[in-house]
Amino acid sequence: SNLGNYVDMRLEFLADSGISISSRTIPKKKKINGLDAYSTVFEGTSAEISERITYFFMCIEGERHFYTIKSWTLSDRKDAYTDEVEEMMNSFKEF
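Since this is a predicted model, take the numbers as computed values, not measurements. (Residues numbered from 1 in each chain as written. Predicted model: local features only at pLDDT ≥ 70, side-chain atom pairs only at ≥ 80, totals over all residues. Heavy atoms only, no water.)

Student: Would you mind going over the nonpolar core with me for this structure?
Tutor: Grouped burial of nonpolar side chains is what soluble globular proteins tend to show. Listed in full, the 12 residues of the largest apolar core are Leu3, Tyr6, Val7, Leu11, Leu14, Ile19, Tyr38, Phe42, Ile53, Tyr55, Phe57 and Cys59. Sorting the residues of this core by element identifies helix H1 (2-16), strand S3 (35-46) and strand S4 (49-61) as the ones contributing at least two each. Counting residues per element, this core draws most heavily on H1, which supplies 5 residues. When near neighbours in sequence (up to four residues on either side) are disregarded, tyrosine 38 contacts Ser1, Leu3, Gly4, Val7, Pro27, Lys28, Lys29, Phe57, Met58 and Cys59. In this structure, Phe56, Met58, Ile69 and Phe92 belong to the second largest nonpolar core, which totals 10 residues. (Core = buried A, V, L, I, M, F, W, Y, C linked by side-chain atoms within 4.5 Å. Buried < 20%, exposed > 50% of the residue type's maximum accessible area, 1.4 Å probe, protein only. Helix = DSSP H or I, 4+ residues; strand = E, 2+ residues; numbered from the N terminus. Contact = heavy atoms within 4.5 Å.)

Below, the structure is given as structure tokens:
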């Protein structure tokens, strides 16, 4: 699918930008306000930050555009922010 290809491209870009991904959830297909979306969570490291990082990542297919929503936190703070990040991502609306 076009959305699946877009997700793969964006994840490759992250890896090429210096983020080393050590684990990742299987991308989950969902609907966000009627739009097709994929979300995944992954852990990794970056050259700029010495601690492990958890990334929340979502791609959404709009009527004419694709959208990417990313958020991150230190992995030891993941549980504290997961609900807030998911609420933010799930509130996306295309205007």
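Okay, back to it.
Student: Looking at this structure, I do not really get the packing of aromatic side chains. What am I missing?
Tutor: Each aromatic ring pair is described using two quantities: the centre-to-centre distance and the angle formed by the ring planes. Counted according to the given criterion, the structure contains 4 aromatic pairs. On the basis of an interplanar angle of 15 degrees and a centroid distance of 4.8 Å, the ring pair of tyrosine 6 and phenylalanine 66 is categorised as stacked. Of this pair, tyrosine 6 sits in helix H1 while phenylalanine 66 sits in strand S5 (residues 66-74); the two residues are 60 residues apart in sequence, bridging distant segments of the chain. Residue class for tyrosine 6 comes out buried when judged on its relative accessible area of 16%. According to the relative accessible area criterion, phenylalanine 66 is partly exposed, its value standing at 32%. The rings of Phe42, Tyr55 and Phe57 are connected pair by pair, giving a single aromatic cluster. (Phe/Tyr/Trp six-rings, centres within 6.5 Å; stacked < 30°, edge-to-face > 60°.)

Student: Looking at this structure, how should I read the pairing of strand S2 (residues 28-32)?
Tutor: Along any regular strand, the residues point their side chains to alternate faces of the sheet. Pairing of S2 with S3 involves 5 bridges; the strand directions are antiparallel. Directly across from lysine 29, in S3, lies its bridge partner tyrosine 38. Linking S2 to S3, which pair antiparallel, is a turn of 2 residues; within it asparagine 33 sits at a positive phi near 50 degrees. (Pairing = 2+ DSSP bridges.)

Student: Explain the pattern of salt bridges here, please?
Tutor: A side chain of one charge can pair with a side chain of the opposite charge when the charged atoms of the two come close. Overall, the coordinates contain 2 salt bridges when judged by the stated rule. Taking the shortest distance from any N to any O, the salt bridge between lysine 31 and aspartate 36 comes out at 2.7 Å. We classify lysine 31 as exposed; its relative accessible area is 56%. Residue glutamate 43 pairs with arginine 52 through a salt bridge whose shortest N-O separation is 3.5 Å. Residue classification places glutamate 43 among the partly exposed residues on the basis of a relative accessible area of 22%. (Salt bridge = Lys/Arg side-chain N within 4 Å of Asp/Glu carboxyl O.)

Student: Would you mind showing me how to read the confidence of the model for the protein here?
Tutor: Summary statistics for the protein give a mean pLDDT of 91 and a share of 100% for residues scoring 70 or more. In the model of the protein, strand S1 (residues 19-24) stands out as the element of lowest mean pLDDT, 84, in contrast to helix H2 (residues 78-90), which has the highest, 96. (pLDDT = per-residue confidence, 0-100.)

Student: Looking at this structure, I do not really get the environment of aspartate 8. What am I missing?
Tutor: Take aspartate 8: it is sitting in helix H1. Judged by its relative accessible area of 40%, aspartate 8 falls in the partly exposed class. In this structure, the C-alpha to C-alpha distance between aspartate 8 and serine 71, residues 63 residues apart in sequence, is 17 Å.

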